[in-house]
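# Remarks on the overall topology
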Amino acid sequence: MRKLSLALASLLLAALLLGGCAPKRYGTTEVTAVFDTVVTITGYERSRARFEEISGRIKSELGEYHKLFDIYNEYDGIANLRTVNLAAGGEPVEVDARIIELLEFAKEACALTGGRVNIAMGSVLALWHEARENTLVPPSEEALAEAAKHTNIDDMIIDGNTVRLADPDMSLDVGAIAKGFAVEAVCAKLEAEGVTGWLVSVGGNVRTLGARGDGKPWQIAVSELSGTEYENVRIPLEGLSAVTSGADQRYFEYEGRRYNHIIDPETLFPSERYVSVTVVTRDSGLADALSTGLFNMPLEEGRALVASLEGTEALWYLPDGSVAVSDGLGGLLG
Amino acid sequence: MKKKRILADILLVAGVLAAALIVFLLIPRGGGSTVVVTVDGKEYASLPLDEDAELLIESEGGTNLLIISGGKASVVEADCPNQVCVETGAISSEGQLIVCLPHKVVIEIVD
């Protein structure tokens, strides 16, 4: 009996020494219809089964958000933002609570950035979308000016669980905020359940849950900075989000000029102030909205905005090759 | 008498540990890395990185030609509009990716 228990005890010791009990790192990367981009999920868990369970949940919940926030496709039995756009000028549309939350957040983001991120710009953005995807010819200034008359976010009227677009020629385009908002909603829920040691990235919208499984912070490289003095910089993230808006990812060329996808609400043309802007803050939705907002804002105004927001840092890559960082970021960089 | 018993115990513990170590060392750990290809979230192919190979990835969006050569994987040809997958170049270490967004193709090196 004693021999047996001794043998079992030493087996246990062997298992501990050789196998260890630290969580292992698992990962998955895929491109699907979900937000039409790359979804990368990394998690430290004790078993592959648990990793699959949680990453499966993340993917399916992101998929639901994608359908609700989609302005291009209809889905059976779902009233999404396309439904809302098609009903512009008509009756209020009853929508899922997650859409109402997104639209309320969009109003806040618009106010915070002085209108630099405006989801009511759908009419203008649709012209640029058509140019990028199909005609490869920029829209005329007249067409843009006409479309810009229908971009007042106050014409988006939220009442309880309904939304109505009062201007029949307006439409919503949530491309600048939807991914970050969805990532935040999904991750915050998991975090509340105690899930930690995870990283979720949806098309460059990075959200971390706690530190890595080995206790060290996640390290984020900004690929848009290659070729600058910040090329090898790593941003440490521990429960924080990082989002980069860049001009070099989606664009088209016409008569030797490059037209990127970030449209300045003031000029109605692609913003050329920066090559990329990266925002680090806790909330992934805020990081997403701010990265676009700062992209459409002069540097000094952006610096002042970032300084006014607690726990928020930013990094601006300017077309002349220089990089500006917010006061708090310098000390963070590794 | 008591000393003998302790010696026997030590031998037993050492024996079990040694056996566990041998089992641990004998479990195959899959030495080389694997190139995993997914299309639209589903696994399309899985190839060893240390064997030269050529794979035409056919998806709804079009085709990407993957070449594995000398322990490196790269997309040498694709009919996608942006050619980001081709411009990415060769990947060889764990965790590195080649992504073709238009074709929903991800090529990843895993251990």
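Residues numbered from 1 in each chain as written. Chains lettered and ligands numbered in written order. Predicted model: local features only at pLDDT ≥ 70, side-chain atom pairs only at ≥ 80, totals over all residues. Heavy atoms only, no water.

### A few points about the overall build of chain A
Counting secondary structure elements, chain A contains ten helices and 15 strands. Burial statistics for chain A: of 334 residues in total, 51% are counted as buried. The long-range fraction of contacts in chain A, counting pairs at least 24 apart against all pairs at least 6 apart in sequence, stands at 60%. On chain A, roughly 15,200 Å² of surface is accessible, and the fraction owed to carbon and sulfur atoms is 51%. Of the side chains in chain A, 29 bear a positive and 49 a negative charge, and the two mean positions are spaced by 12 Å. (Helix = DSSP H or I, 4+ residues; strand = E, 2+ residues; numbered from the N terminus. Buried < 20%, exposed > 50% of the residue type's maximum accessible area, 1.4 Å probe, protein only. Contact = heavy atoms within 4.5 Å. Areas by Shrake-Rupley, 256 points an atom, 1.4 Å probe, with all protein chains shown as cover. Lys, Arg positive; Asp, Glu negative; His and termini not counted. Charge placed at Lys NZ, Arg CZ, Asp CG, Glu CD.)

### With respect to the side chain of Thr38(B)
Along the chain, the position of Thr38(B) falls in strand S1 (residues 34-39). Of the residues examined, Thr38(B) reaches a relative accessible area of 12% and is grouped as buried. Those residues in contact with Thr38(B) that sit more than four places away from it in its chain are Thr29(A), Glu30(A), Glu43(B), Tyr44(B), Lys104(B), Val105(B) and Val106(B).

### Digging into the packing of aromatic side chains
All names here are of chain A. Enumeration over the complete set of coordinates arrives at eleven aromatic pairs over all chains. On the numbers, 5.9 Å between centres and 75° between planes, the contact of Tyr274 with Phe295 is edge-to-face. Highlighted residues: Tyr274 in the loop between strand S12 (257-260) and strand S13 (276-281) and Phe295 in helix H8 (residues 284-295), separated in sequence by 21 residues. Residue classification places Tyr274 among the buried positions, given a relative accessible area of 4%. Given a relative accessible area of 0%, Phe295 falls into the buried group. An aromatic cluster is defined as three or more aromatic residues linked by ring pairs; in this entry it consists of Tyr65, Phe69, Phe105 and Phe181. Above the ring of Tyr65, the side-chain terminus of Arg98 is found at 5.5 Å from the ring centroid. (Phe/Tyr/Trp six-rings, centres within 6.5 Å; stacked < 30°, edge-to-face > 60°. Lys NZ or Arg CZ within 6 Å of the ring centre and 35° of its normal.)

### Brief notes about the pattern of salt bridges
Residue and element names in this part refer to chain A. By the definition in use, this model includes 20 salt bridges over all chains. Glu61 is the partner of Lys189 in a salt bridge, and the nearest nitrogen-oxygen pair spans 3.3 Å. Here the residue Lys189 occupies a position in helix H7 (residues 178-192), and Glu61 occupies one in helix H2 (residues 48-69), the gap between them amounting to 128 residues. Accessibility expressed as a relative area gives 44% for Lys189, which makes it partly exposed. For Glu61, a relative accessible area of 13% translates into the label buried. For Asp264, the salt bridge goes to Arg273, with nearest N and O atoms at 4.0 Å. On the basis of relative accessible area, Arg273 is assigned to the partly exposed category, the value being 31%. A network of salt bridges, in which partner residues are shared, links Arg57, Glu61, Lys189 and Glu193. (Salt bridge = Lys/Arg side-chain N within 4 Å of Asp/Glu carboxyl O.)

### Concerning the nonpolar core
In this structure, Ile58(A), Leu62(A), Phe69(A), Leu81(A), Ile119(A), Leu172(A) and Ile177(A) are the most contacted members of the largest nonpolar core, which totals 50 residues. For this core, the secondary structure elements donating two or more residues are strand S2 (38-45), H2, helix H3 (81-86), helix H4 (97-112), strand S5 (162-165), H7 and strand S6 (198-202) of chain A. Broken down by element, this core gets its largest block of residues, eight residues, from H4(A). If sequence neighbours within four positions are ignored, Leu62(A) has contacts with Val34(A), Phe35(A), Val39(A), Ala182(A), Val183(A), Val186(A) and Val202(A). Val35(B), Val39(B), Ala45(B) and Ile57(B) belong to the second-largest nonpolar core, a separate cluster that totals 20 residues. (Core = buried A, V, L, I, M, F, W, Y, C linked by side-chain atoms within 4.5 Å.)

### Some thoughts on H2(A)
All names here are of chain A. In this model H2 runs 31 Å from its N-terminal to its C-terminal C-alpha over 22 residues, within 8% of the 32 Å that 1.5 Å per residue would give. Regarding H2, the residues found buried are Phe51, Ile54, Ser55, Ile58, Glu61, Leu62, Gly63, Tyr65, His66, Leu68 and Phe69. Looking at the buried residues of H2, the elements they touch are strand S1 (24-31), S2, H3, H4, H7 and S6. (Expected span 1.5 Å × (residues − 1).)

### Overview of the pairing of S2(A)
Residues and elements named next belong to chain A. Taken across its eight residues, S2 has eight buried, putting it largely inside the fold. Neither face of S2 is open: one carries Val38, Thr40, Thr42 and Tyr44, the other Val39, Ile41, Gly43 and Glu45, and all of them are buried. Where S1 meets S2, eight bridges bridge the pair, whose relative direction is antiparallel. Bridged to Arg25 within S2 is Tyr44. Hairpin connection from S1 to S2: six residues lie between these consecutive antiparallel strands, with Phe35 at a positive phi of about 55°. Sheet topology note: the S2/S6 ladder contains five bridges and is antiparallel. (Pairing = 2+ DSSP bridges.)

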